[in-house]
Amino acid sequence: MKVRFAPSPTGVPHIGNTRTALFDYLLARKNKGIFILRIEDTDQKRLVEGAEEKIEEILDWLGISPDEKLKQSERLDTYKKYAKELVEKGVAYEKDGAIYVKVPDEKKLSWTDAVGNKQISFEGKDVEDFVVLKSDGYPTYHLASVVDDHLTEITHVIRGEEWISSVPKHLFIYESLGWKPPVFVHLPVILSTDKSKLSKRHGAKSVLELRDEGYLKEAIINFMALLGWNPGGDKEVMSLEEMVNLFDLKDVNVSNPIFDIKKLDWMNGVWIRKLSVEELAKRVGSKDLKLVELAQSRMTTLNDFGILTNFFYEKPKIKLDQSDRIVVERLAKELSNVKTWKTEEILLVLKKVMIEEKVKMKVLYKIFTGSESGLPLPQSLEILGKEKTFERLNV
Ligand code: GLU
């Protein structure tokens with residue numbers, strides 16, 4: 001089993017495109033096969049500087065690095081050779097310095113797609129003549145893709161279903177060169193919640209952007225895998241290792257998956273709570289295990305840690321009105337009677353003040369933290385310490 005992820009470095013792929021790489025990785029690892037990264041950089045006009053490095057950074061960070069790497073611009077002679085061969089065989093012709101392939105009208109081209117096991121057929125008359133080698137000496141996607149898939153002995157071609165219309169062209173090249181085509185696996189296109197094709201406009205970000213926003217690789221991978229794959233049952237939260245064990249092409253869905261960022265948020269929270277406190281501390285860059293443990297239950301992304309714990313490090317700037325000030329004085333008085341500065345005792349005092357002064361919890365939050373909600377307050381004050389708590393009341 002040998003698979004390839006073949007991005008064109010024309011930009012940083014969004015999470016939907018990166019899904020293909022994950023499926024490649026899962027299939028390869030499950031079957032003890034090989035996963036190749038193939039950079040399809042033959043359209044020189046569309047290249048974006050740095051995109052190739054970003055693609056590799058994404059795979060490395062997710063922990064799904066390829067076993068081998070190939071770059072098409074370094075193999076131009078190979079493609080030229082096969083373009084000439086197609087001319088010699090009489091299935092291609094030269095025009096304006098470019099080489100075109102013509103599929104005979106009566107030709108039938110069909111395959112059984114591994115997704116849904118459905119037979120798909122095209123007729124030659126519906127396939128327009130297509131360029132395989134451009135006048136600048138670079139191959140087009142159609143030729144380069146077939147030549148590389150054949151020479152590197154790719155067994156399964158996994159990609160988005162928007163490539164289905166290219167398959168008849170590819171099949172004709174395979175047949176003309178006397179090669180056996182691989183198994184085709186066309187993944188249903190991912191839709192946004194409004195049912196249109198997912199795009200950056202819908203907030204489909206790249207994995208690197210999501211990383212910077214505080215999403216865990218474990219959650220991103222888990223979420224991506226479920227965009228079109230389901231191992232059966234209602235098991236949803238899975239590690240990469242578990243997914244490798246469970247992965248099977250027959251469980252790739254034929255219906256279009258919907259990209260719902262709310263699900264990613266939920267999943268990220270689940271994965272944050274699955275981490276050990278030590279590991280979470282490392283990921284948020286904190287040494288304060290008590291604080292990390294307290295925040296763990298309330299975080300959706302890693303970036304929430306900074307937001308939730310900011311008040312520990314900085315005295316919040318707040319404006320209090322006359323009635324708040326009465327509460328502050330009352331708090332100062334009652335809290336000064338607390339003997340052991342522990343959550344339980346602090347909680348009793350806070351409750352008492354709330355009841356007797358007839359104020360809601362959010363007023364206390366405002367006084368101590370500057371915002372109206374946050375981490376559990378008594379625990380927070382215990383960690384903050386008595387001295388600092390009184391500093392906050394000194395307004
Ligand atoms: N370069 C194509 C892309 O950007 C590859 C399609 C394929 O996997 O054959 O998606």
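Residues numbered from 1 in each chain as written. Predicted model: local features only at pLDDT ≥ 70, side-chain atom pairs only at ≥ 80, totals over all residues. Heavy atoms only, no water.

S.K.: Pulling in residues and values, what's your account of the pairing of strand S6 (residues 108-113)?
M.R.: Only one face of S6 is buried, namely the one carrying Leu-109, Trp-111 and Asp-113, since none of Lys-108, Ser-110 and Thr-112 on the opposite face is buried. Of the strand pairs in this sheet, S6 and strand S7 (residues 118-123) are connected by 6 bridges, and their pairing is antiparallel. When the sheet's bridge partners are listed, Trp-111 is paired in S7 with Ile-120. The hairpin turn running from S6 into S7, its antiparallel successor, is 4 residues long, and Gly-116 in that turn takes a positive phi close to 80°. (Buried < 20%, exposed > 50% of the residue type's maximum accessible area, 1.4 Å probe, protein only. Helix = DSSP H or I, 4+ residues; strand = E, 2+ residues; numbered from the N terminus. Pairing = 2+ DSSP bridges.)

S.K.: Describe helix H10 (residues 277-284), and please don't skip the residues or the numbers.
M.R.: Buried within H10 we find Val-277, Leu-280, Ala-281 and Val-284. Buried residues along H10 cover an arc of 105° about the axis, so they all sit on one side. Against helix H9 (261-274), helix H11 (289-296) and helix H12 (304-313) lie the buried residues of H10. Backbone geometry just downstream of H10 places Gly-285 in the positive-phi region, at approximately 70°. (Arc of directions from axis to C-beta. Contact = heavy atoms within 4.5 Å.)

S.K.: Tell me about the site of the ligand, residues and numbers included.
M.R.: Taken together, Arg-4, Ala-6, Ser-8, Glu-40, Tyr-141, Arg-159 and Trp-163 make up all the residues around the ligand. A distance of 2.8 Å separates an oxygen atom of the ligand from a polar side-chain atom of Arg-4. Within the side chain of Arg-159, a nitrogen or oxygen atom sits 2.8 Å from an oxygen atom of the ligand. If the ligand stood free it would expose 300 Å²; the protein chains cover 82% of that surface. In a pocket analysis with a 2 Å cut-off to the grid points, the ligand is assigned to the largest pocket. Residue composition of the shell around the ligand, grouped by class: 3 nonpolar, 1 polar and 3 charged. (Near = heavy atom within 4 Å. Polar contact = N/O pair within 3.5 Å; in protein donor to acceptor, adjacent residues only side chain to side chain. Areas by Shrake-Rupley, 256 points an atom, 1.4 Å probe, with all protein chains shown as cover. 1 Å grid on protein atoms, 1.4 Å probe; cavity = no way out; pocket = protein on both sides within 12 Å on 5 of 7 lines; lining within 4 Å. Sits in = over half its atoms within 2 Å of the grid points. Nonpolar A, V, L, I, M, F, W, Y, C, P; charged D, E, K, R; others polar.)

S.K.: Outline the layout of surface pockets, listing residues and values.
M.R.: Space inside the largest pocket adds up to approximately 1000 Å³. Ala-6, Pro-7, Ser-8, Asn-17 and Trp-163 are, among the 36 residues lining the largest pocket, the residues nearest its centre. Broken down by element, the residue count for the lining of the largest pocket peaks at 4 residues, all from helix H1 (residues 15-30). Within the lining of the largest pocket, the residues separate by chemical class into 14 nonpolar, 10 polar and 12 charged. (Points joined across faces, edges and corners; volume = space filled by probe spheres on them.)

S.K.: Could you give an account of the nonpolar core, naming the residues involved and the relevant values?
M.R.: Membership of the largest hydrophobic core comes to 88 residues, with the highest contact counts inside it found for Met-299 and Leu-331. Looking at which element gives the most residues to this core, the answer is H1, with 8 residues. Once you skip the residues sitting within four places of it in the chain, Met-299 turns out to touch Gly-269, Ile-272, Arg-273, Leu-280, Val-284, Asp-304, Phe-305 and Leu-308. Ile-36, Val-132, Leu-133 and Leu-171 belong to the second largest nonpolar core, which has 35 residues in total. (Core = buried A, V, L, I, M, F, W, Y, C linked by side-chain atoms within 4.5 Å.)

S.K.: Hey, could you go over the packing of helix H13 (residues 322-335) against helix H14 (residues 343-356) for me, with residue numbers and the actual values?
M.R.: The packing of two helices is summarised by the inter-axis angle and the distance between the axes. Contact pair H13 / H14: the axes reach a minimum separation of 10 Å and the direction vectors enclose 145°. The element H13 and its partner H14 pack so that their crossing is right-handed. The segment H13 lies against H14, with Val-327, Arg-330, Leu-331, Glu-334 and Leu-335 engaging Ile-346, Val-349, Leu-350, Lys-352, Val-353 and Glu-356. Looking at the contact of H13 with H14 residue by residue, the class counts come to 7 nonpolar, no polar and 4 charged. (Axes fitted to C-alpha atoms, helices over the stretch in contact; angles between N-to-C directions. Left-handed = near helix turned anticlockwise from the far one by under 90°.)

Read these as geometric descriptors, not functional statements.
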